[in-house]
Amino acid sequence: MNLPRDRVSENYDQAELDKFAALANRWWDVDGPQKPLHALNPVRLEYVASRVTLPGARVLDVGCGGGLLSESLARQGAQVTAIDLAPELVKVARLHGLESGLTVDYRVQAVEDLAAEQPGSFDAITCMEMLEHVPDPAAIVQACGSLLKPGGWLFLSTLNRTPAAFALAVVGAEYVARLLPKGTHHYKDFIKPAELAAWLRQAELQLEDVSGMRYEPWRNKARLSSRTAVNYLACATKPGIADAQ
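Just so it is clear, the model here is predicted, and its values are computed rather than measured.

1. Things to note about the environment of L17
- Looking at the secondary structure, you find L17 in helix α1 (residues 14-21).
- The class for L17 is buried, based on a relative accessible area of 12%.
- Along the backbone, L17 and E88 are 71 residues apart, and their C-alpha atoms lie at a distance of 9.5 Å.

Take a look at the structure:
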């Protein structure tokens, strides 16, 4: 489904949206095309929960897909707004929310447009496995910085642009083990931690941590790692004093 260009920020690739929209009906299938994402989700949640008091916190999930992390955050007591530009995925997320009984405010909306409407509104923002799929990832980071309250936290995950990431995340995962659909990732769009750190500085955010995230397909489990050569998580804060929750 094509988005009307006059209604949203143009920082998206329609082919990328279509690619993930085609997976919508199996997003919550733990043995489906998003099987690795289901394994990564507990690690992502713990990375956030270890730094932010989630009960009562206003949290934004950018690029929420079918709502895996959004629901996990809501289950921890957060007041979650979740946005994505693929209407098919947002529909799936809303339907699954009805089944789970969790309240999440799902929207088909660009983060840049939300930043223009609600600057300084969120205690924490998550943007996982998204930056490598948009034409201008720095603009996403800038918008997230605008949306954060002083003292708020931004959490990101992406893929490092290294030979190891190409071998494991592209060749291994997509063509050898077939853990992901072919074409899920494009190596040229992977992001080095130094590049991400520069975008965070431009957004006036302070980088607090970079940790590797290792997926072990033989166990279908994921864990934090000291190695950032493939998948990695990062978090940053917005200078200022956080509001009392």
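2. Brief notes about the pairing of strand β6 (residues 206-216)
- Pairing geometry for β6 and strand β8 (residues 231-237), over six bridges, is antiparallel. For V210, the partnering residue across the bridge sits in β8 and is A234.
- For β6 and strand β7 (residues 221-225), the ladder comprises five bridges, and the chain directions are antiparallel. Each bridged residue has a counterpart across the sheet, and for M213 the counterpart in β7 is L224.
- Two successive antiparallel strands, β6 and β7, enclose a turn made up of four residues, where N220 displays a positive phi of approximately 50°.

3. Observations regarding the side chain of H38
- Tracing the sequence through the fold places H38 in helix α2 (residues 35-49).
- Since its relative accessible area comes to 18%, H38 is described here as buried.
- When sequence neighbours within four positions are dropped, the list of residues in contact with H38 reads W27, W28, D29, V30 and L68.

4. Digging into the pairing of strand β5 (residues 148-159)
- The buried count for β5 comes to ten of twelve residues, which makes it a mostly enclosed element.
- Where strand β4 (residues 122-128) meets β5, six bridges bridge the pair, whose relative direction is parallel. Opposite I125, over in β5, you have L154 as the bridge partner.
- Crossover handedness for the path β4 to helix α6 (residues 137-147) to β5: right-handed.
- Where β5 meets β8, seven bridges bridge the pair, whose relative direction is antiparallel. Looking at β8, one finds that L156 is bridged to A234.

5. Some words on unusual backbone geometry
- The backbone phi angle of E129 is positive, close to 55°, even though this residue is not glycine.
- Mapped onto the fold, E129 is located in the loop between β4 and α6.
- In this model, N220 sits at a positive phi of 50°, which is unusual for a non-glycine residue.
- Note on placement: N220 falls in the loop between β6 and β7.
- Note on N220: relative accessible area 24%, which makes it partly exposed.

6. A few points about the side chain of S211
- Relative to the helices and strands, S211 is located in strand β6.
- For S211, the side chain forms a polar contact with the side chain of D209, separated by 2.7 Å.

7. Here we look at helix α4 (residues 87-100)
- If you check α4, its first and last C-alpha atoms are 20 Å apart, about what 14 residues at 1.5 Å a residue would give, namely 20 Å.
- If you check which residues of α4 are buried, you get P87, L89, V90, V92, A93, H96 and G97.
- Its buried side turned inward, α4 meets α1, α3 (68-75), β2 (79-84) and β3 (104-108).
- Of the residues trailing α4, G101 is marked for its positive phi of about 75°.

8. Examining the pattern of salt bridges
- Taken as a whole and judged by the stated rule, the model has eleven salt bridges.
- Linking D29 and R26 is a salt bridge whose minimum nitrogen-to-oxygen distance equals 2.7 Å.
- A relative accessible area of 27% places D29 in the partly exposed class.
- Between R44 and E129 there is a salt bridge, with its nearest N and O atoms 2.5 Å apart.

9. What about the environment of A49?
- Within the element layout of this structure, A49 appears in helix α2.
- Looking at A49, the relative accessible area reads 30%, which means it is partly exposed.
- Here the alpha-carbon distance between A49 and Q76, two residues 27 residues apart in the chain, equals 8.5 Å.

Conventions we followed
- Residues numbered from 1 in each chain as written.
- Predicted model: local features only at pLDDT ≥ 70, side-chain atom pairs only at ≥ 80, totals over all residues.
- Heavy atoms only, no water.
- Helix = DSSP H or I, 4+ residues; strand = E, 2+ residues; numbered from the N terminus.
- Buried < 20%, exposed > 50% of the residue type's maximum accessible area, 1.4 Å probe, protein only.
- Pairing = 2+ DSSP bridges.
- Contact = heavy atoms within 4.5 Å.
- Right-handed = clockwise from strand over helix to strand, strands pointing away.
- Polar contact = N/O pair within 3.5 Å; in protein donor to acceptor, adjacent residues only side chain to side chain.
- Expected span 1.5 Å × (residues − 1).
- Salt bridge = Lys/Arg side-chain N within 4 Å of Asp/Glu carboxyl O.

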